[in-house]
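Chain by chain, the residues:
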Amino acid sequence: MITIESLTKSYGGFRAVDEVTFTARPGRVTGFLGPNGAGKSTTMRIVVGLTPATSGSATLLGREYADLPNPGREVGVLLDASAQHAGRTGREVLNIAARTMGLPKSRVGEMLERVSLTEEEAARRVGNYSLGMRQRLGIAAALLGDPEVLILDEPANGLDPAGIRWMRDLLRGFADGGGTVLLSSHLLHEIEVIADDIVVIGNGRIVAQGTKEELLAAGGTLVRAADQSALVAALQAAGLKARPGASGVVLAEAGLATVGAAAFAAGIPLTELRAADSAGLEEMFLALTAESQRDHLSAEGAAA
Amino acid sequence: MTATTMETTPVTTARPERSVPAPIPFTRLLDVEWRKMFDTRTGFWLLTGVGILSLIATAATMIFGNRETLTYDDFAAAVGIPVTVILPVLGALSVSSEWGQRTSLTTFTLVPSRGRVIQAKFLVIVAVGLASLAVAFGAGAIGNLVNAGIAGVTPDWNISLGTLSQIALADEINMLMAFMLGVLLRNSPGAVVGYFVYALVLPGVSGALADAQQWWMDNAGWFDLRTATIPLYDAGVTGEQWAQLGVSTLIWLVLPLAIGLRMLMRSEVK
């Protein structure tokens with residue numbers, strides 16, 4: 001269980017994390033979703049005590065991180081898979097962590113096996129690892145102490161699709177055993193595949209949170225016509241909440257039949273009409289985090 | 001868009017209650033930090049380098065020195081060079097590489113108390129300094145014995161135990177200067193270059209200044225730590241020289257170390 005309450009971090013006048021409040025529960029995989037620079041990593045660093053918070057609190061299993069007597073045995077942390085000494089072998093990285101936690105050496109071999117790193121790979125220096133191998137090593141280090149909570153920052157980065165599936169199964173198994181998982185990603189697809197609960201952050205603020213099903217259901221209806229603005233106007237005239245999305249689609253907060261009827265009444269021929277599902281979540285993600293999207297800013301600049 | 005809460009989320013399984021693990025004992029931190037000194041390629045070769053250079057220095061002293069008159073002092077001076085120049089780099093890297101290689105992320109998540117980690121590093125550095133001095137003095141002793149055997153003279157052990165511990169103190173000050181630079185700068189190239197400026201460049205500058213200025217020549221020991229440590233290599237250090245050593249150590253070692261530690265404790269680990 002991770003409880004974050006009104007967490008705020010200011011750098012001068014800039015609020016990197018702004019009144020962030022959410023809970024990651026045991027038995028669930030909580031996905032922390034946001035574009036680059038939204039405040040995900042800063043929030044995670046505050047939770048594990050590497051960055052001091054300006055205000056607010058974060059507790060793990062009811063205690064602050066600094067008060068955990070042997071943190072590795074209760075919380076597995078992977079903040080940056082590349083943050084390892086390039087001159088150490090993969091096995092040595094785990095040896096050091098195991099020694100610090102007071103674990104038997106046999107645990108290192110078990111974990112290497114669990115993340116599918118071979119003996120030969122483990123004997124290589126981390127400087128020669130691919131990003132995917134570093135992620136596996138980082139996961140092994142996080143799991144080493146048999147923790148109750150996992151905190152993983154962009155763990156799927158550098159993994160191929162098979163690797164992402166492997167990670168999903170691993171985290172699923174961990175959560176099913178009663179563990180708490182908090183993982184971040186800037187890719188909606190990864191979060192959709194892995195997470196049960198989703199917390200969306202943009203510009204340091206939480207913009208939406210809920211279970212995956214809730215957020216998907218909130219996606220509404222995706223509808224498309226040759227004339228996007230006419231369709232939006234028609235649906236709004238019919239009293240529906242509708243807004244234009246990317247590449248000519250319109251997203252409406254209403255059922256399929258209602259939307260179809262409204263378009264028919266306005267005499268607009270539709271080219272597509274379906275439940276929004278993940279497209280809705282994606283639209284939501286892009287819309288909610290629009291201000292922090294650099295593309296958006298540059299696109300506006302180009303248009304002007 | 002509706003923002004919903006997760007209040008309704010059912011908890012699928014509850015883990016069996018687990019006992020809180022025992023705190024990490026300090027001896028374990030010492031063990032881990034000791035290991036981290038040597039388990040990288042850099043650490044391994046720096047230490048091996050000190051060993052090899054001690055042997056080379058000993059051999060060179062025998063080959064090029066006048067065998068009839070060589071004493072233990074000559075050997076100790078020769079093996080002292082790799083210990084003064086190379087070993088402190090290890091001291092600087094033990095702290096700075098945590099930031100340079102970003103292993104601090106792992107180190108301080110496994111041990112949230114930064115003070116304990118730095119304390120452990122400090123003690124390990126001092127121990128490594130003593131251990132390698134023992135190796136270097138040992139190499140010198142072997143050289144002295146072998147040389148005496150070859151030349152057919154009685155080996156001359158003209159260094160007292162007191163002077164040996166003074167030399168050890170001087171070398172430990174060098175080690176800790178490098179350690180201090182590692183703590184203060186938290187940047188490996190900066191700390192290593194800084195140490196070499198201190199160990200190799202400043203003595204020349206101070207010497208030139210002393211040549212030009214009588215006042216500096218008389219008083220440099222109060223301000224220049226390198227000048228203040230030179231008397232430690234000979235017997236008969238005066239009370240004033242000890243006082244000079246104390247003052248300049250305070251200015252150049254203790255004070256910057258205190259500032260560096262304060263910054264390190266508060267800094268953000270990225």
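Given the structure is predicted, the values throughout are model-derived calculations rather than measurements. Each chain has its residues counted from 1, following the order in which its sequence is written. Each chain is given a letter, starting from A, and each ligand a number, starting from 1, according to the order in which they appear as written. Residue-level local features of this predicted model are given only where pLDDT is at least 70; pairs of side-chain atoms are given and counted only at 80 or more, and the full residue set underlies all totals for whole chains, interfaces and linings.

**Student:** I'd love a proper account of the overall build of chain B, names of residues and values included.
**Tutor:** Within chain B one finds 11 helices and 0 strands. It is over C-alpha atoms that the radius of gyration is taken, and the globule rule equals 2.2 Å times the number of residues to the power 0.38. Over its C-alpha atoms chain B spans a radius of gyration of 24 Å, topping by over 25% the 18 Å that the globule rule assigns to 270 residues. Each principal axis of the C-alpha distribution contributes one length, and for chain B these read about 90 × 45 × 30 Å. Partly exposed residues are those whose C-beta has more than 12 but fewer than 20 other C-beta atoms within 10 Å; with 20 or more the residue is buried, with 12 or fewer it is exposed, and the C-beta atoms are placed from the backbone. Taking all 270 residues of chain B together, 38% fall into the buried category. Any two residues are considered in contact once their C-beta atoms, placed from the backbone, lie within 7 Å. Long-range pairs, those at least 24 residues apart, make up 77% of the contacts in chain B between residues at least 6 apart in sequence. Numbered from the N terminus, helices here are DSSP runs of H or I no shorter than four residues, and strands are runs of E no shorter than two.

**Student:** Outline the environment of Ala83(A), supporting the account with residue identities and numerical values.
**Tutor:** With respect to the helices and strands, Ala83(A) occurs in the loop between β5 (75-78) and α2 (90-101). Of the residues examined, Ala83(A) has 18 C-beta atoms within 10 Å and is grouped as partly exposed. Considered as a pair, Ala83(A) and Gly138(A) are 55 residues apart in the sequence and their alpha carbons are 9.3 Å apart. Not counting residues up to four positions away in its chain, the partners in contact with Ala83(A) are Arg102(B), Thr103(B), Leu105(B) and Thr106(B).

**Student:** Let's hear about the packing of helix α2 (residues 41-64) of chain B against helix α3 (residues 72-85) of chain B: which residues, and what values?
**Tutor:** All names here are of chain B. To obtain an axis, a line is fitted to C-alpha atoms, over the contacting stretch when the element is a helix, and the angle between two such axes runs from 0 to 180 degrees between their N-to-C directions. Here α2 crosses α3 at 150°, and the two axes come no closer than 8 Å. Considered as vectors, α2 and α3 are oriented roughly antiparallel to each other. For the crossing formed where α2 meets α3, the hand is right-handed. Contact residues: Val50, Leu53, Ser54, Ala57, Thr58, Ala60 and Thr61 in α2; Asp74, Phe75, Ala78, Val79, Ile81, Pro82 and Val83 in α3. Lys, Arg, Asp and Glu make up the charged group, whereas Ala, Val, Leu, Ile, Met, Phe, Trp, Tyr, Cys and Pro make up the nonpolar group; the residues left over, Gly among them, are polar. For the contact of α2 with α3, the per-class residue count stands at 10 nonpolar, 3 polar and 1 charged. If an angle is under 35 degrees, it is roughly parallel; if it is over 145, roughly antiparallel; if it lies from 65 to 115, roughly perpendicular; otherwise it is oblique. Handedness of a helix crossing follows the sense of rotation of the near helix relative to the far helix, less than a right angle counterclockwise being left-handed and clockwise being right-handed.

**Student:** How would you explain the interface of chain A and chain B if you had to name every residue and give the values?
**Tutor:** The partner chain B presents 40 residues to the 47 residues of chain A that form the contact. When residues of the side of chain A that touches chain B are traced back to their parent elements, those giving at least two are α2, β9 (205-211) and α11 (277-288) of chain A. Top contributing element to the side of chain A that touches chain B by residue count: α2(A), with 6 residues. Its residues placed into classes, the side of chain A that touches chain B shows 18 nonpolar, 17 polar and 12 charged.

**Student:** So what's going on with helix α1 (residues 26-38) of chain B? Which residues, and what values?
**Tutor:** Multiply 1.5 Å by the residue count of a helix minus one, and that product is the helix's expected span. Helix length check: α1(B) (13 residues) gives 19 Å between terminal C-alpha atoms against 18 Å at 1.5 Å per residue, within 8%. Residues of α1(B) that are buried: Leu29(B), Val32(B), Glu33(B), Lys36(B) and Met37(B). Seen end-on, α1(B) carries its buried residues on one side only, within an arc spanning 145°. Of the surrounding elements, those touching the buried residues of α1(B) are α2 of chain A together with α2, α4 (87-100) and α6 (114-151) of chain B. Summarising the geometry, the arc corresponds to the directions from the helix axis toward the C-beta atoms.

**Student:** Describe the sheet that holds β5(A), listing the residues and the values that go with them.
**Tutor:** Residue and element names in this part refer to chain A. DSSP bridges decide pairing: two strands pair if at least two such bridges lie between them. Spatially, 6 strands are ordered β5-β6-β7-β3-β8-β9 in an open sheet, and the strand pairing comes out mixed. Each edge of the sheet is formed by a strand with only one pairing partner; in this case those strands are β5 and β9. Pairs of neighbouring strands in the sheet enclose a mean axial angle of 15°, with direction left out of account. Note that strand β3 (residues 29-33) and strand β7 (residues 180-185) share 5 bridges and pair parallel. By the bridge assignment for β7, threonine 30 is matched with leucine 182.

**Student:** Which residues make up the environment of Ala142(A), and what values go with them?
**Tutor:** Residue and element names in this part refer to chain A. Tracing the backbone through its elements, the reader meets alanine 142 in helix α5 (residues 131-143). With 26 C-beta atoms packed within 10 Å, alanine 142 lands in the buried category. The spacing of alanine 142 and valine 77 is 65 residues in sequence and 5.1 Å in space, taken between C-alpha atoms. When neighbours within four sequence positions are excluded, alanine 142 is seen to be in contact with Gly76, Val77, Leu78, Leu150 and Leu152.

**Student:** Hey, could you go over the pairing of strand β10 (residues 221-225) of chain A for me, with residue numbers and the actual values?
**Tutor:** All names here are of chain A. Where burial is concerned, most of β10 is hidden: 4 out of the 5 residues are buried. Direction of pairing for β10 relative to strand β12 (residues 249-252): antiparallel, over a ladder of 4 bridges. When the bridges of β12 are listed, valine 223 appears paired with valine 250.

**Student:** Please provide a residue-by-residue account of the confidence of the model for chain B, values included.
**Tutor:** Residues and elements named next belong to chain B. Values of pLDDT, the confidence the predictor places in each residue, fall between 0 and 100. Looking at chain B as a whole, the pLDDT averages 86, with 94% of positions reaching at least 70. Looking across chain B, the model is least confident in α3, with a mean pLDDT of 79, and most confident in helix α5 (residues 104-110), with 95. Across residues 1-13, where pLDDT falls below 50, the model places 28 contacts with residues more than four positions away in sequence or in other chains. Scoring of the predicted complex yields 0.84 for pTM and 0.84 for ipTM.

**Student:** Describe the sheet that holds strand β2 (residues 14-24) of chain A, listing the residues and the values that go with them.
**Tutor:** All names here are of chain A. Strand order in the open sheet made by the 3 strands is β2-β1-β4, with antiparallel pairing throughout. What marks the edges here is a single partner per strand, and that holds for β2 and β4 (55-60). For this sheet, the mean angle separating the axes of adjacent strands, direction not counted, is 20°. The strands touched by helix α1 (residues 40-47) are β1 (2-11), β2 and β4; relative to β1, the strand with the most contacts, the crossing angle is about 115°.

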